[in-house]
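Structural description and commentary
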Amino acid sequence: MQTRQLGSTDMHLTPLGFGSWAIGGGDWAYGWGTQDDAEAIHAIQRAVELGINWIDTAAVYGLGHSEELVARALEGMEHKPYVFTKCSLVWDERRRMSSSLKADSIRRECEESLKRLKVDAVDLYQIHWPNPEPDLEEGWQTMAALREEGLVRHIGVSNFTVDQMRRVMQIAPVASLQPPYSMLRPAVETEILPFCMERGVGVIVYSPMLSGMLTGAMTRERVQNFPPDDWRRENKEFQEPRLTANLELVELLRSIGSPHGRSPGEVAIAWTLRHPAVTGAIVGGRSAAQVEGIVGAGEFRLSVEEADLVKQHIAGMPG
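This is a predicted model, so every value here is computed, not measured.

Some points on the overall build of the chain
- Check the secondary structure of the chain and you find 11 helices and 12 strands.
- Taking the principal axes of the C-alpha coordinates as reference, the chain spans close to 50 × 40 × 40 Å.
- Expressed as a percentage of the 319 residues in the chain, the buried residues total 56%.
- For the chain, the exposed area adds up to about 13,700 Å²; of that, 49% sits on carbon and sulfur atoms.
- Taking the 32 positively charged and 43 negatively charged side chains of the chain as two groups, their mean positions are separated by 1 Å.

Rendered as structure tokens:
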């Protein structure tokens, strides 16, 4: 796969990165249900074998478990991918989550992530959510200090608005932004992506397949049988009337991808990569087979006509 420079950093990323939210497993507020650890490790290793050169995780995924799996998957690997993780979401001994941008919390989170990941420095450390907002400056000053100390190589943000990025840029540059972006959630095209292009901020988007909805493998039966600890049970995109509309969109993506030998999920990912502000897209995989089913998106490009077909179809979908 061709690589793209992430903003003004020295990192050149493949268009796809492995996302490790889902492999964190269940038994936490935003879990995806039970996950087989051996399958998760194999999925990461297969992604690297297929050329993906960055892994995106977060301390909160599985409450530390995802980071531990990343470390196990990369152990002994000769050419390791970049490893990105995030801070600001914390939990207590009863697994209750909360947000913190206090200096001591971010420093502690970083040190704990380094231990779980078994690395000397995180390649990209990101504030996961800008909460509590009054503490943004304190949090970003701490991030900049961690970079100066060599505990992290680059610092970025996730889920920030333009105004929030402007605030922290007065303290230290923002290497990258991680926003949600998909053909069903294109809001960042209006202001956020143009701002990032103008300021040289790299963009790695998450949920390009809308948490599995656009993969082509989702069915009504599968949705009905989500385990109790799968957060998607409560998501409107997996409930009527959106469910039917989304499944109809998937059939359009299938018709577009089929002549190219691409899956609906690969078409959905390619749709996000077509935007010039986007450096790469985070794609989750819970098994090696899932990784193999989406890796083709890294080199697939939609034509203008195909992108217009998608745009026209979405315009007619219920709100």
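Let's pick the thread back up.
A closer look at the sheet that holds strand E9 (residues 155-158)
- Taken together, the 8 strands give a closed barrel; going around it, the order is E3-E4-E5-E8-E9-E10-E11-E12, and neighbouring strands pair in parallel fashion. On average, adjacent strands in this sheet sit at an angle of 30° to one another, irrespective of strand direction.
- Where strand E3 (residues 16-19) lies against strand E12 (residues 280-284), 4 bridges are found, and the strand directions are parallel. Paired with Phe 18 across the bridge in E12 is Val 283.

Considerations on the packing of aromatic side chains
- Taken as a whole, this structure holds 5 aromatic pairs when the rule is applied.
- Residues Trp 21 and Tyr 61 carry aromatic rings whose centres are separated by 6.1 Å and whose planes lie at 20° to one another, so their mutual orientation is stacked. Of this pair, Trp 21 sits in the loop between E3 and helix H1 (37-49) while Tyr 61 sits in the loop between strand E4 (54-56) and helix H2 (65-74), placing them 40 residues apart in sequence.
- You can call Tyr 61 buried: its relative accessible area is 8%.
- Ring plane angle 15° and centroid distance 5.1 Å describe the contact between Trp 21 and Trp 231, whose orientation is recorded as stacked. Taken together, the residues span a long stretch of sequence, with Trp 21 in the loop between E3 and H1 and Trp 231 in the loop between helix H7 (220-224) and helix H8 (242-257) at a distance of 210 residues.
- With relative accessibility at 17%, the residue Trp 231 sits in the buried group.
- Taken together, the ring pairs in this structure connect Trp 21, Tyr 61 and Trp 231 into an aromatic cluster.
- Over the ring of Trp 271 we find Arg 274, and its NZ or CZ is 3.9 Å from the ring centre.

Focus on unusual backbone geometry
- Of note, the amide linkage connecting Asn 131 to Pro 132 takes the cis form, showing an omega dihedral of -10°.
- Position of Pro 132 relative to the elements: it lies in the loop between strand E8 (124-127) and helix H4 (136-148).
- Phi is positive for Lys 118, close to 60°, though the residue is something other than glycine.
- Position of Lys 118 relative to the elements: it lies in the loop between helix H3 (103-117) and E8.
- A residue is classified by how much of its surface remains accessible, and Lys 118, at 62% relative accessible area, is exposed.

Overview of the pattern of salt bridges
- The final tally for this structure, using the stated rule, is 19 salt bridges.
- Of the charged contacts, one joins Glu 67 and Arg 116 as a salt bridge, the two residues approaching to 2.7 Å between their closest N and O atoms. In this pair, Glu 67 sits in helix H2 while Arg 116 sits in helix H3, placing the two residues 49 residues apart along the sequence. Side by side, Glu 67 and Arg 116 carry an identical accessibility label, which is buried.
- With its nearest N and O atoms 3.5 Å apart, the salt bridge here joins Asp 163 to Arg 166. Here Asp 163 pairs with Arg 166, and both are found in helix H5 (residues 162-169), just 3 residues apart, close to one helical turn.
- Exposure remark for Asp 163: the relative accessible area of 52% places this residue in the exposed category.
- Where salt bridges share partners, they join Asp 10, Asp 123 and Arg 153 into one cluster.

What counts as what
Every residue gets a number counted from 1 within its own chain, in the order that chain's sequence is written. Given that the model is predicted, a residue must reach a pLDDT of at least 70 before its local features are reported, and side-chain atom pairs must reach 80 or more before they are shown or counted; all residues, however, enter totals for whole chains, interfaces and linings. Values reported for side chains reflect all heavy atoms of the structure, with hydrogen atoms and water molecules removed beforehand. Note on conventions: DSSP H or I runs of at least 4 residues are helices, E runs of at least 2 residues are strands, and numbering of each starts at the N terminus. Whether a residue is buried, partly exposed or exposed follows from its accessible area with a 1.4 Å probe, protein chains only, as a fraction of its type maximum: under 20%, in between, or over 50%, in that order. With residues, only the protein chains shown are counted as cover, and all accessible areas are computed by Shrake-Rupley using a 1.4 Å probe. Neither His nor the chain ends contribute to the count of charged residues, in which Lys and Arg are positive and Asp and Glu negative. To locate a charge, the coordinates of NZ of Lys, CZ of Arg, CG of Asp or CD of Glu are taken. Two strands qualify as a pair provided DSSP detects at least 2 bridges between them. To obtain each axis, a line is fitted to C-alpha atoms, and for helices this fit is confined to the stretch in contact; angles are then taken between N-to-C directions over 0 to 180 degrees. The rule is short: rings of Phe, Tyr and Trp, with Trp giving its six-membered ring, pair when the centres are within 6.5 Å, and they are stacked under 30 degrees, edge-to-face over 60, tilted in between. For a lysine, the NZ atom is tested; for an arginine, the CZ atom; a charge sits over a ring if that atom is within 6 Å of the ring centre and within 35 degrees of the ring normal. Salt bridge criterion: a side-chain nitrogen from Lys or Arg within 4 Å of a carboxyl oxygen from Asp or Glu.

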